[in-house]
Amino acid sequence: MIKFLQVALKNLFRRRFRTLLTILGIAIGISMLFSFLAFSQGYEASMRGELNKIGAHMLAIAKGCPYEATALIMHGGVIEDFLTTDDVLRVSEMPNVQSAVGNFMNQVVLPHGKSVVVFGMNEYTFAQKPWWVIRGERFTGENSIILPETMATELGLNIGDVYRMPGKEIDFVISGLLEKTGTQDDKFVYVPFATAQRLFNAEGKVTSISILLEDLGRVQEVVDSVESLPDVQAITMSQVLATAQTLMSSAQAMINSIVIIAVVISALGVMNSILMSVFERTKEIGMMKAVGATGSDIIALVWIESVILSLAGGVVGILTSFATASFIETFIRGLIPFAPLGELLAFDANTVAISLMSSLVLGLVAGAYPAIRAAELSPMEAIRSE
Amino acid sequence: MSLIVTSKLGKNYRRGSETVHALEDASLTIKAGELLALVGPSGSGKTTFMNLLGCLDTPSSGSYLLNGQEVAGRKESELVKIRQQNIGFVFQQFFLLPTLTVQENVELPLLFNPSGKSRANELLELVGLTHRRHHLPKELSGGEMQRVAVARALINRPKILLADEPTGNLDSKNSEKVMALFNDLHKQGLTIVLVTHNMEIAKHSQRVVRLADGRIIES
């Protein structure tokens, strides 16, 4: 004997093309929702991962704006004020400090708002980037330089070639190439530590100090001692994370609204499609009521159709997200201010479940109005309608 | 035994500020087992009368006893059950679901009446379409489609078969086949009400009820 599900499925197959388009519409919405959920999960995890990769529990910088500090830590923005190598020494001698490493970075500002960001590198700072792969050698002399591979390709340069630093007009010999990391590291240039200091007339100065602690339970103690040094500010990794998240919030709001709009549009698509199919079947629905269908039978039939559509769309959307994850990553990286290293999208069973539930709810909500309209049709009027 | 007793049944519609009396003072008694034709020109009120008899519509005035039970004033949710238990419908345009096979179409009313038993085999045999049971409606002739519709109307063992211009979309040969089917059903004791403006069809009936201008003029 025939069942409601069969009747609903057969009806959806009757208008294959429309059904397909509606499913695609929902798939887009649910795919965006799913990717967004995966992103929310993945972002924090990879942010923490990235902060761990900094290889420090805490940073000391010259007193300044905390946003700048975060930008600096994450991706090498520039603070004009320096700390001294004496500060590095003092910090390293503080109780509970396991090690303190001075970092140096600065930028050469060029006309038209462009700039070259220069990092000073030594064995300690290289140790903070264990995932780097360098072709050639690190440095062969004080005027050697490491360029990111992508930049070198753009400039048509290779290992052994001369790189004339714009703005400074000083020649460097390329000793190594940094293989593509997919992060902001691909946009900077790297010279020996002392060379960098000299380049910016900052001998004996550092831009920040990476601090490793012996006992993480005594963070506050170290923060207090670091901040007792004149004009020095301590930033813990949890502060960095919090600041990054604050900076993220506007990007997050934008992504939120894109997702909401996409889901609403797909809900309207389902509603429109089901409404059309109800209107087209006015006479059939009238006949069904004449042969004994109650209002709730008709609601069930229409609702089953919209739930099938939206669940199918949900499944297609989720599969699409899996298939296009790398594209979505690139897209999101372009939208947000801080893209940490590693996978931005974390897919798990929970995300899948939430997305499927959302498509179910979407189907129920979008199907409600057409279902009620159909149920309210009077059998006589429906049969008679032209 | 009187299966249907209507007294002074009336139906008014509002059209703008005007009230249209589609049916007035219709009093009619139909005995179980009758084959009756409701005839009249369009606008005579015969369709309105049939909708009231079929419990598809509610009267504005008067009383309607179906199998001894007062139907006037019932809500749609009650009327559904009354229709399911008492009335089988056959429409001029067949109204088969194009996506379902012949057998599924015959069984469709059971979708809404899960306690009902399928006797589709028996009914398909009766209407002579057993060999077409797995076909879709689009593969059938008009006459075959109407016979499927008749089988569907009978699945819940109704007391009355209401047929609205059942041959209106059929050629004369198919019309005769369908009318022959109605005659068979009548001989088996089913009460049948035909609504038609075709006097040839009306001649098949043992009784003709004429309507004009919303009133019964001959019964």
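Each chain carries its own residue numbering, running from 1 in the direction its sequence is written. The naming scheme follows written order: chains are lettered A onward, ligands numbered 1 onward. Where local features are concerned, this predicted model is filtered to residues with pLDDT of at least 70; where side-chain atom pairs are given and counted, the filter is 80 or more; whole-chain, interface and lining totals use all residues.

Comments concerning the overall build of chain B
To be explicit about the condition: Numbered from the N terminus, helices here are DSSP runs of H or I no shorter than four residues, and strands are runs of E no shorter than two. Within these notes, the globule rule equals 2.2 Å times the number of residues to the 0.38 power, and the radius of gyration is based on C-alpha atoms. Labels follow a simple rule on C-beta atoms placed from the backbone: if 20 or more others lie within 10 Å of a residue's own, it is buried; if 12 or fewer, it is exposed; otherwise it is partly exposed. Whether two residues are in contact is decided by their C-beta atoms, placed from the backbone, lying within 7 Å.
Summing up its helical and strand segments, chain B has seven helices and 10 strands in all. The C-alpha atoms of chain B give 17 Å as radius of gyration, which agrees with the globular expectation for 219 residues (17 Å, within 12%). Reported as C-alpha extents along the three principal axes, the dimensions of chain B are approximately 50 × 40 × 40 Å. Taking all 219 residues of chain B together, the buried fraction comes to 48%. In chain B, 71% of the contacts between residues at least 6 apart in sequence involve partners at least 24 apart.

Observations regarding the overall build of chain A
Along chain A, the regular secondary structure elements total 14 helices and 12 strands. In terms of overall size, chain A is more extended than a compact globule, its C-alpha atoms giving a radius of gyration of 30 Å where 386 residues would be expected to give roughly 21 Å. C-alpha extents for chain A along the principal axes are approximately 95 × 50 × 35 Å. Looking at the 386 residues of chain A, the share that counts as buried comes to 40%.

Here we look at the sheet that holds strand β1 (residues 2-15) of chain B
We count it as follows: Strand pairing follows a simple DSSP-based rule, namely that at least 2 bridges must link the two strands.
One open sheet accounts for four strands, arranged β2-β1-β4-β5 (chain B); its pairing is antiparallel. Strands with a single pairing partner mark the edges of an open sheet, and in this sheet they are β2 (18-31) and β5 (69-70) of chain B.

Focus on the sheet that holds strand β7 (residues 160-164) of chain B
All names here are of chain B. Formally: Note on geometry: axes are lines fitted to C-alpha atoms, helical ones only across the stretch in contact, with angles between N-to-C directions running from 0 to 180 degrees.
Strand order in this open sheet of six strands is β6-β7-β8-β3-β9-β10, and the pairing throughout is mixed. Each edge of the sheet is formed by a strand with only one pairing partner; in this case those strands are β6 (87-90) and β10 (215-218). Taken over all neighbouring pairs, the strand axes of this sheet differ in orientation by 25° on average, direction set aside. Inspection of the sheet shows β7 paired to strand β8 (residues 191-196) by five bridges, in the parallel sense. Opposite Ala163, over in β8, you have Leu194 as the bridge partner. The sheet strands contacting helix α5 (residues 142-154) are β6 and β7, and the helix crosses β6 at an angle near 165°.

A few points about the confidence of the model for chain B
Fine structural detail should not be taken from predicted coordinates in areas where pLDDT scores are low. How we decide: In predicted models, pLDDT denotes the confidence assigned by the predictor to each residue on a 0 to 100 scale.
Residues with a pLDDT of 70 or more make up 100% of chain B, whose mean pLDDT is 92. Of the two predicted TM-score estimates for the complex, the pTM is 0.74 and the ipTM is 0.91.

Side note on the interface of chain B and chain A
To be explicit about the condition: Under the scheme applied here, ten amino acids are nonpolar (Ala, Val, Leu, Ile, Met, Phe, Trp, Tyr, Cys and Pro), four are charged (Asp, Glu, Lys and Arg), and all others, including Gly, are polar.
Contacts between the two partners involve 25 residues from chain B and, on the opposite side, 19 residues from chain A. Ranked by the residues each element gives to the side of chain B that touches chain A, the list is headed by helix α3 (residues 102-111) of chain B, at six residues. Per-class residue counts for the side of chain B that touches chain A are 13 nonpolar, seven polar and five charged.

Some details on the domain arrangement of chain A
Often, the extent of an interface is quoted as the loss of accessible area upon association of its parts. Keep this limit in mind: Residue ranges labeled as domains rest on an automatic or database domain assignment.
When cut into domains, chain A gives domain 1 (4-49 + 248-384) and domain 2 (82-230). Computed over C-alpha atoms only, the centres of domain 1 of chain A and domain 2 of chain A are separated by 49 Å.

As for the pairing of strand β3 (residues 35-39) of chain B
Residue and element names in this part refer to chain B. Counting buried residues in β3 gives four out of five residues, a clear majority hidden from the surface. Sheet topology note: the β3/β8 ladder contains five bridges and is parallel. In the sheet register, Leu36 faces β8, and the bridge partner there is Val193. As paired strands, β3 and strand β9 (residues 207-212) are joined by four bridges and run parallel to one another. Note on β9: the bridge partner recorded for Ala37 is Val208.

Thoughts on unusual backbone geometry
Negative phi characterises most residues that are not glycine, and trans characterises most peptide bonds. Residues and elements named next belong to chain B. Phi is positive for Phe94, close to 65°, though the residue is something other than glycine. Counting through the fold element by element, Phe94 comes out in the loop between β6 and α3. Looking at Phe94, the number of C-beta atoms within 10 Å reads 22, which means it is buried. Within the chain, Arg157 stands out as a residue other than glycine whose phi angle is a positive 50°. Here Arg157 is to be found in the loop between α5 and β7.

Quick notes on helix α13 (residues 349-376) of chain A
Put simply, the rule reads: In this scheme, a helix's expected span is set at 1.5 Å multiplied by one less than its residue total. Fitting axes to the seven residues that end at a residue and to the seven that start at it, the angle between those axes gives the bend at that residue.
The first and last C-alpha atoms of α13 of chain A sit 40 Å apart over 28 residues, in line with the 40 Å expected at 1.5 Å per residue. At Ala368 of chain A, α13 of chain A shows its strongest bend, of approximately 40°, with the proline Pro370 of chain A following within four residues.

What to know about the environment of Ser277 of chain A
One can find Ser277 of chain A in helix α9 (residues 237-280). Each C-alpha atom of the pair Ser277 of chain A and Arg18 of chain A lies 9.7 Å from the other, and the pair is 259 residues apart in sequence.

Notes on helix α1 (residues 4-14) of chain A
Think of an α-helix as 3.6 residues a turn; residues three or four steps apart then line up on the same face. Inclusion rule: Read the arc as the range of directions from the helix axis to the C-beta atoms.
Looking only at α1 of chain A, the buried set comprises Val7, Ala8, Asn11 and Leu12 of chain A. Viewed along the axis of α1 of chain A, the buried residues span an arc of 135°, placing them on a single side of the element.

Quick notes on the nonpolar core
Note the threshold: What makes a nonpolar core is a set of buried Ala, Val, Leu, Ile, Met, Phe, Trp, Tyr and Cys residues, with links drawn between C-beta atoms within 7 Å.
Counting residues in hydrophobic clusters, the biggest one holds 155 residues, and the most contacted among them are Ile209 and Ile211 of chain A together with Leu38 and Val193 of chain B. Looking at this core, the element that brings in the most residues is helix α2 (residues 16-53) of chain A, giving 13 residues. A domain-level breakdown of this core finds at least three residues from each of domain 1 (4-49 + 248-384) and domain 2 (82-230) of chain A.

Concerning the packing of helix α11 (residues 295-323) of chain A against α13 of chain A
Residue and element names in this part refer to chain A. Stated precisely, the cut-off is as follows: Roughly parallel means an angle under 35 degrees; roughly antiparallel, over 145; roughly perpendicular, 65 to 115; everything else is oblique. Crossing handedness is defined as follows: a turn of the near helix away from the far one that is anticlockwise and smaller than a right angle gives a left-handed crossing, while the clockwise case is right-handed.
It is the contact of α11 with α13, at a shortest axis distance of 7 Å, that shows an interaxial angle of 150°. Considered as vectors, α11 and α13 are oriented roughly antiparallel to each other. Viewed along their axes, α11 and α13 form a crossing whose handedness is right-handed. Taken together, the residues of the contact of α11 with α13 sort by class into 19 nonpolar, nine polar and no charged.

Let's talk about the packing of α1 of chain A against α11 of chain A
Helix packing geometry: the angle between the two helix axes and the distance between the axes. All names here are of chain A. The geometry of α1 relative to α11 is characterised by a closest axis approach of 9 Å and an angle of 60° between their N-to-C directions. Looking at the two axes, α1 sits oblique to α11. As α1 runs across α11, the sense of the crossing is right-handed. When α1 is examined against α11, the residues Phe4, Leu5, Val7, Ala8, Leu9, Asn11 and Leu12 are found in contact with a partner set consisting of Ala300, Leu301, Ile304, Glu305, Ile308 and Leu309. Here the contact of α1 with α11 is built from residues that sort into 11 nonpolar, one polar and one charged.

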